[in-house]
Each structure stands twice: as C-alpha cells, then as structure tokens.
Amino acid sequence: MLSVENVTVRRGRAQVLNDVSLTLAPGKTLAVVGESGAGKSTLIAAILDLVRVAAGQITWAGAPVRRCSPALVMQEPRRAFNPHLSLRRSVMEPLEAQGHVIDTSHLTTLCAGLEIALDLLDRRPTEVSIGQAQRVGILRALIAAPPLVLFDEPLSALDAVTQKHTARLIADLQREAGFAALIVTHDLGYAAAYADDIAVLRAGQVQERTPAARFVTAPQTDYGRTLRDAAFALGALERVA
Amino acid sequence: MIRTLAGLTLRAVVVLTGTALATFALLWHAPGDPALAIALARYDAVVPAAVVEQIRAQASFDDGFWSAFQTWLGPLLVGDFGQSSVTGRDVWPELMASLSYTVPLALAGLAIALALSVPLALLATLRPGGLLDRAAVALASIGVAIPAYWLGLLLVLLFAVHLGWLPAMGARTPAHVILPALTLGLGVAASLTRILRSGILEARAQPFLPAFRRRGVGARAIERDHVAPHAAIPVVTVLGLELAFLLEGVVMVEVIFARPGLGVFLVDAIEARDFPKVQAVVVLAAVLFVVVNLAIDLFYRRLDPRIGERDA
Amino acid sequence: MTITATGLTATRAGRTILYQSEMRIAPGERVGLVGASGSGKSTLGHALIDTLRAAGHGVAHVPQSPDEALDPLRSMAFHWREAERALRSPPCPARQQELFAALRIAGGDLCKRPWSWSRGMQQRFVIALALIGTPDVLVMDEPTSALDPVVAAGTMDLLDRHLAHSDTALVLITHDLGLAARRVDRLMVMDAGRIVEDAPTAQVLASPTSGAARSLCAHRNWLELPC
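Comments concerning the overall build of chain B
From N to C terminus, chain B includes 12 helices and 0 strands. In chain B, the order of α-helices and β-strands from amino to carboxyl end is α-α-α-α-α-α-α-α-α-α-α-α. For the C-alpha atoms alone, the extent of chain B along its principal axes is close to 85 × 60 × 30 Å. Of all 312 residues assigned to chain B, the portion counted as buried reaches 29%. Long-range contacts, defined as pairs at least 24 residues apart, comprise 71% of the intrachain contacts of chain B with a sequence gap of at least 6.

Okay, structure coming up:
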C-alpha cells in the first residue's frame, strides 16, 4: 500500500504541497485531479524521491517507495525517449542495467496487450505516432512488473479517440498485472471513468477524496463541483436521458 | 532591481580580485629573480648585488608573496597605480598616453566589424541555405580561423608593399590606423556575422510569428517589431565576449604594426618585470571588462525582461 | 450572405495533406471541424483563413495556445495597437472596453507583457484581439487544450455569450467531438485530408455515416450519466 503521510514540499518560501495525506491500496487506482500549479506533478516527484520532502513521509508497504521500484509514465511520449535510440533499446536498457533477465514471452504478451507490433520497437521515437509512442512508454513502465505505476498526464498529448483507447488498454493491463496506479490528470472525465477514487488537489492541499462514482453525482466540496461542472461543459462527461 | 545590482557588483569585485591575484602570482612565479630583472631593466647593465637587494626590499619581495601583493594592492585600491619599478615615473600618465592610441584603434575595429557583419548577416538570411548564405558562412568561418598576426601581415603585403596605398608601421598619421583597424575588425566581423545570422534565423522561426501574419501584420512590421528584438538578444549576450576578443586582438595588432599603445606598453613591461605597469594594464582591462559586462547585463534585462524575473 | 471558400488544398514535401475541399459558412453559424490528429483539420483551417483573407473577407484566427499568438517581448498594449493597425482601424477604446468586459479581462494590466498574465487571461486576450474588427469568421484551433478545464469552460461560455449577439461565424477545430457537440450547429468530419461528412450536429451524432465519424461518436465522452 502506498502511504503519503502529512507531506509538505517547499520551493523557496512557497509551499507546493501542504500537509498532503493519501493512501493507495495494491491493485487500485487513485486519480489526483486539479489545475496546473496545484502541486500534482510535485506529488509524483515527491513519491519518486526526486524532490526534498520538508515534512511527512512516503512509504510503500511500510518501506521507502524506492525499494518497490515504482514506474513512471510521462506526459510527452516522444520526449520521454532518447531520440537517437530505437524504442527497443530505450525499453530494455534500464532493465539490463539493473541486471534483470527479460522474459521474451512477457514482452510479447505486454506488446499484444498494448497493441504494439513487435517491429515497431525497432523504430525511433520520431518515426512513430504520438499514440504509439505513449503505448511504448507504458510498455517501458510495465515491463519489470512494478507493483506501483505513476501516470503523469498520460493522455493529454493524445487525441480524444486515442485517449479513450489507451485508457482502456491501461485498465485491462492493470486488471491482469494487478499494479496500483496513481494517475495525475486535469481530465476529470478520465478520472471519473477509470479511477476507484478521486482526490482533488488545490494550491498544494487535498480538498477532498471521494469514490469516483460518487464524485460525478455529488462532489463533497464547492471546488470539486466546479471541476465537475467544467467537465460537463467541455463534453468530457455527458448527461443522457 | 537593487538586489540585482548588488549581485552584479559582488560578481565584479570577485572577478577583479581574482584577476589581480592571478596576474601577480604569474609574474611572481615566472622563472628568474624579479629583483634582478628590474635592476637589469633599470640600469641596462650588470649591477652590484647591493642594488638588487635594495630593489628587493623596496618592493617587499623579501617578505614573501602575500606581503609583496599587499604592498602593491594597497595604493591601487585608492586609485593610485604607483610608480614604474624601472623608471620610477608615475604609471598613470604613461598608461593614458598609450591608451590614446589604443582606444581609437579598438573603436575603429569595432565600427568596421559592425559595418561588415550587419549587412552580411542580413544578406545571408535573405535565403537561408542559399548560395549567398553559404558563401557568407564560409567567409565568416575562414575569418574566425585566420589568426590576426597572419591576416595583418597579408594586409601589409597587399596594401602597403604591392599596392603602396596605405602606410604599414607606426602611428604618425591618421591613415596609419586603417590597416591595424582592418585586421582587428575583420576577425571580430567574422564571429559577429555568425552570431547575427543564427540569431536572425532563430528569431524568424519563433512559433508565434505565423499568428501575426494571419492577423494581417505586414512583413516589414514583423521583422522590425518581432524578429529584430529577439535576434538582438544573443548578439548583446556575446558582445561582452567580443570585447575580450577585441582586447586580445588589440595587443597583438599593435605589436605587429609597431604602434605605440597598450600592447607595446604591456609587452615592454612584462619583459622588464615591471610589476606596477603590468598590473596597471591588467587591472584596467579587467575593470573595462567588468564594467562593459555589467552594462550589457543591465541592457539585456531591459531587452528581455524575462531574465531575472520570477515566472509569472 | 453565406461565405464560400473553394479549392482549399495543401501539400507538404510533395505529399498532399489536404485534398480539394470547400466550405460554406452562414453568418453567425457555428461549425465544428473534427477529426483525429493528423487528419488535416488544422491545415484546412489555415487554408480557409488564407483563402477568405485573399477574397477580402474579415477572418480572424485564435491558435491553440497563447504562446503561438503573443510575442513575449511585447506588451499587451503593443499587441492591441498592432492588431488595430493591421485592420487599418483607428484606436477605439470603447471597442476594447466592450470586448474586455465581455471576456472578463478588464482587470488585466495592458502595460505588462503576456507572461505576467495568467494563461487563461492570455487566451481570452487573444480572442478579444481576434474580435476587434468584428470578423465574418473566427477560426479557433483547439481552444481548450492548452488551458485548465475550469478556465477553458469559462472561456468557451463567455465566447458563446458574446457571439450570440453578433453575425460572426465560428469555426471550431478540435479532436474532441464531445466538446464540439456542445458548441456547434454543424459538424464537418475530417479523415486523411478529406472532409468525409458534413451535416447538422444532431444528425452526425445520431447516425454517423463515415468510419471516422463513427469512431469519434463512439468515443466522444468518458462517461454518460443518467439525468
């Protein structure tokens, strides 16, 4: 279980995260939503031990998160890869560096699940579509079978149809592999459709944490309601008779 | 603003102290006995050991490096450049006299550099990758690669020896400044052209320009109001570096063309181990460098207010 | 009078990325130009702007992100004066106040440069800039994708309200059918450089005929909730 307890992160005099507490059970999905500057990306950086945490602690199953080797899926799929290497090298290199032995059948299964043709991996990041690049990004994250995967705006660079398609692939893989997913997104529609719980972050503070099904009908805070209404106004969520 | 100025001033102090210390240390540790070198330069003959010892005591050489450094640095802090350890005359008037030759030469060189590089860069960027552009880039690359002493001699050979149009050596008439200034200016022009060219090309590739065109803003207005300011930023940035290039070039060019000035002043002083004179030149150059860079920094902040501001 | 643009086409590096297309836009109409990324919708938008401008129609463009519309070294006031000059219209403070009030950016400091305004306000300033001359057609390219949803929804609502009282037609370019369906009367669906469907919004949503439209319709919302 991922446990974020009373975490505060400062940048200069500003508090980017202010006494944030969250939990995420194995195999579950938590979506963290909020506007830019709310501290969503800082939360991911804090979990990955990339920024100094001024107060509080973050653990996975009682141990430092680092020990469970969490994976990260980034926002800009093409920029997440070295442009000079083939996608296959980018996927394999970190594994080989850690001395993992790669099971070919595992790779094949994952590629099938992500609808990645195996010869696609021999191309460079600029030679594939953004949607394909992001699926390879997910492949890279999942190949070592981590128990915890962090998604930083995984769909925002994709078009609407590809977003929904990719979201489905992620959910299917999660059901099989059983990893816990922490998804940072500004898209409440995605959060409502795929997360178990939604946490609303605003100005570094958690406003509310509500089961996704309840959030869309009855957000607990005014700000949660504002976010939900915007999702309706933009057609991410729809009311039907 | 005050914080910015304070930071820049602090930086200037650090640079000046470092320069003074480094030059002094270099001269101190140069092979040979400094006191003997001074004595030789002063009397132009073999001198008795007692005289050498007297010189040594005067300059606090006996008390070690730090003491000698302080003896020299103390008066300098209140603007006193001291006396030549060879002639005993004040350094300041001699320095000013040599500057009266060097400053016009440097300015003429800079003027030539600007007069050449701006039109050349504009021509080159008319059609990037075109014949004109590639010719300009090739020319600029050659210009950067040619050392000043070689270029200077070539120019002398052509204009003074073969054509006989211009005087080569000395500084008797205003015409004497032409060849040295050209030598200096061509080198600076070459590197400025390259920076200007890439600055203009980069400024024209900015993502917001198509929107201005679609808004109906004319091509000339776009060049003037949106390309030029962005292109100026990298140029202003490297102007400080160009100054270093210019100072270095001036010393060399003056020696080649046998012009009295800072270059000859410095070379003579080094040979005579005339600490006060060498230091005067080095400190002057460092002050100039720091002041110009300070001015550029402030101008830069005006040009691009994003520098030093917190992200909004 | 309906505006017609014909012969819209574009090539890049010898490859056709937009095949011969035509668009008809009635005054005050709202048209959605939808399609997957790479389907040619932005290209069609650009071709439409250039063609209409060449034909003497008033046409304005709002790019995807304010970074693609504003010069970071120039003040907001400079952008405004420049846009007025481009339209050959004299400075008109009344029009400026009217637009700023409609888009709720009257509090912004015009002497500041774009980056000291919030992104939402920058985007609304760009929209105001586009509306100065009351254009016949306003082309918006993915107006919401660079903004936070709350800000984006607010901006679209303000624009809707403002356009309701004018004859300015809106061409909304987006990959998001869910967004377009809520904002436009007519949908043009693009696929691989061609307009494959052109029909009233309700008709496209109810019975899409092309494969591209069917795919967009099937994935237009994340969740549908009973009323």
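Description of the sheet that holds strand S1 (residues 2-11) of chain A
All names here are of chain A. The strand order across the open sheet built from 4 strands is S2-S1-S4-S5, with neighbouring strands paired in antiparallel fashion. At either end of the open sheet lies a strand with only one pairing partner, and these are strand S2 (14-24) and strand S5 (63-64). Across the face of the sheet, helix H1 (residues 40-47) comes into contact with S1, S2 and strand S4 (55-60) while running at roughly 65° to S2.

Looking at the interface of chain C and chain A
Bring the parts together and some accessible area is lost; that lost area is often taken as the interface size. The interface is formed by 28 residues belonging to chain C together with 26 residues belonging to chain A. Sorting the residues of the side of chain C that touches chain A by element identifies helix H5 (149-164), helix H6 (177-183), helix H8 (211-218) and strand S9 (223-226) of chain C as the ones contributing at least two each. Tallied by class, residues from the side of chain C that touches chain A come to 15 nonpolar, 7 polar and 6 charged. Note that strand S11 (residues 237-240) of chain A and S9(C) share 4 bridges and pair parallel. Each residue of the ladder has a partner; that of Val240(A), found in S9(C), is Pro226(C).

As for the sheet that holds strand S10 (residues 205-211) of chain A
All names here are of chain A. The sheet built from 6 strands is open, its strands ordered S6-S7-S8-S3-S9-S10 with mixed pairing. The open sheet has two edge strands, strand S6 (71-73) and S10, and neither has a second partner. Going across the sheet, the axis of each strand differs from the next one's by a mean of 20°, ignoring polarity. The sheet contact formed by strand S9 (residues 197-202) and S10 spans 6 bridges and is antiparallel. Bridge pairing links Asp197 to Pro211 in S10.

Some details on the interface of chain C and chain B
Between chain C and chain B, the residue contacts involve 18 residues of the former and 15 residues of the latter. A per-element tally of the side of chain C that touches chain B places helix H2 (residues 76-86) of chain C first, with 3 residues.

What to know about the pairing of S4(A)
Residue and element names in this part refer to chain A. Pairing of S1 with S4, which is carried by 5 bridges, proceeds in the antiparallel orientation. When the sheet's bridge partners are listed, Glu5 is paired in S4 with Gln57. Pairing geometry for S4 and S5, over 2 bridges, is antiparallel. Across the sheet, the residue bridging to Trp60 is Ala63, located in S5. Connecting S4 to the next strand, S5, in antiparallel fashion are 2 residues, including Ala61 with a positive phi near 55°.

Re the domain arrangement of chain B
Residue and element names in this part refer to chain B. Once the domains are mapped, chain B shows domain 1 (21-77) and domain 2 (100-303). A separation of 37 Å is found between the C-alpha centroids of domain 1 and domain 2. Mapped by element, the contributors of at least two residues to the side of domain 1 that touches domain 2 are helix H1 (2-29), helix H2 (34-43) and helix H4 (65-77). Here the element with the most residues in the side of domain 1 that touches domain 2 is H2; it accounts for 4 residues.

Some details on the nonpolar core
Val149(A) and Val171(C) are the most contacted members of the largest nonpolar core, which totals 145 residues. Looking at this core, the element that brings in the most residues is helix H4 (residues 119-131) of chain C, giving 8 residues. Other than its neighbours up to four places away in sequence, Val149(A) contacts Pro70(A), Ala71(A), Val73(A), Ala141(A), Leu142(A), Phe179(A) and Ala181(A). Ranked by size, the runner-up nonpolar core spans 47 residues in total, among them Leu110(B), Val250(B), Val253(B) and Ala285(B).

Let's talk about the environment of Gly27(A)
All names here are of chain A. Relative to the elements of secondary structure, Gly27 occurs in the loop between S2 and strand S3 (29-33). Residue Gly27 is classed as partly exposed on the basis of its 14 C-beta neighbours within 10 Å. Taking C-alpha positions, Gly27 is 20 Å from Met74, a pair spaced 47 residues apart along the chain. Apart from the residues lying within four places of it in its own chain, the contact partners of Gly27 are Gly178 and Ala180.

Notes on the arrangement of the chains
Ranking by contact count across 2 pairs of chains in contact places chains A and C at the top. One finds no contact between chain A and chain B; the C-alpha atoms of the two approach each other to within 11 Å at their closest.

Things to note about the packing of helix H7 (residues 148-162) of chain B against helix H10 (residues 219-256) of chain B
Residue and element names in this part refer to chain B. Packing of H7 against H10 brings their axes to within 10 Å, and their N-to-C directions diverge by 40°. It follows from the interaxial angle that H7 and H10 lie oblique. The way H7 lies across H10 gives a crossing that is right-handed. Of the residues in H10, those in contact with Ala148, Tyr149 and Gly152 of H7 are Gly249, Met252, Val253 and Ile256. Residue composition of the contact of H7 with H10, by class: 5 nonpolar, 2 polar and no charged.

Reading guide: rules and limits
- Residues numbered from 1 in each chain as written.
- Chains lettered and ligands numbered in written order.
- Predicted model: local features only at pLDDT ≥ 70, side-chain atom pairs only at ≥ 80, totals over all residues.
- Helix = DSSP H or I, 4+ residues; strand = E, 2+ residues; numbered from the N terminus.
- Buried ≥ 20, exposed ≤ 12 C-beta atoms within 10 Å, placed from the backbone.
- Contact = placed C-beta atoms within 7 Å.
- Pairing = 2+ DSSP bridges.
- Axes fitted to C-alpha atoms, helices over the stretch in contact; angles between N-to-C directions.
- Nonpolar A, V, L, I, M, F, W, Y, C, P; charged D, E, K, R; others polar.
- Domains from an automatic or database assignment.
- Core = buried A, V, L, I, M, F, W, Y, C linked by C-beta atoms within 7 Å.
- Parallel < 35°, antiparallel > 145°, perpendicular 65-115°, else oblique.
- Left-handed = near helix turned anticlockwise from the far one by under 90°.

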